[in-house]
Structure formats: structure tokens, C-alpha cells
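Working through the structure, step by step
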Amino acid sequence: MYNPKYIVNGQMWQYRGPKGPAIHTFFTADGTAIGMFQGSRGVRPDLDFKVNAARKSKVDDNTAKM
């Protein structure tokens, strides 16, 4: 299970900088979520992108409830 704060309805969110959803969220075969966000640096900020990744936790849901 991903941290529910960062994966909402199948879309990755960022909470630092400009808060908002990813431009696109990808999920790999091993369950890693990769989010692409708009950046704001450089001479052409419209061409700046940030990439964040989140792995599924390895804790079983039943164990986490204890």
C-alpha cells in the first residue's frame, strides 16, 4: 500500500512547492509509482520537470493494524 497522502485515486500528488497532482503518473511492474510534475527553474520554466517516485510499503495491511 502506498502512503495515501501521496497517491490519490491513482494519481501522485506533491505537497512541497506548488501543491497539486502530477502531470502524469506511471506504475511499473514492481508497483513503483512515478510522478512527473511541472518545475519552475531555469530560463524556460515551462520546460522544467520534476520526477518523484514512491514504492509500495512491504508491511502487510493486517500487521499494520496491530
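Everything below is about the structure shown above.
Thresholds, definitions, all that
Residues numbered from 1 in each chain as written. Predicted model: local features only at pLDDT ≥ 70, side-chain atom pairs only at ≥ 80, totals over all residues. Heavy atoms only, no water. Helix = DSSP H or I, 4+ residues; strand = E, 2+ residues; numbered from the N terminus. Buried < 20%, exposed > 50% of the residue type's maximum accessible area, 1.4 Å probe, protein only. Phe/Tyr/Trp six-rings, centres within 6.5 Å; stacked < 30°, edge-to-face > 60°.

Remarks on unusual backbone geometry
Located in the positive-phi region is N9, a residue other than glycine, with phi close to 50 degrees. Secondary-structure assignment places N9 in the loop between β1 (7–8) and β2 (11–14). Relative accessible area serves as the criterion here: at 81%, N9 is assigned to the exposed category.

Let's talk about the packing of aromatic side chains
Counted by the stated rule, this structure contains two aromatic pairs. Aromatic pair W13 and Y15: ring centres 6.5 Å apart, planes at 25 degrees, arrangement stacked. Looking at W13, the relative accessible area reads 27%, which means it is partly exposed. Every member of this aromatic cluster is reached through a ring pair, and the members are Y6, W13 and Y15.

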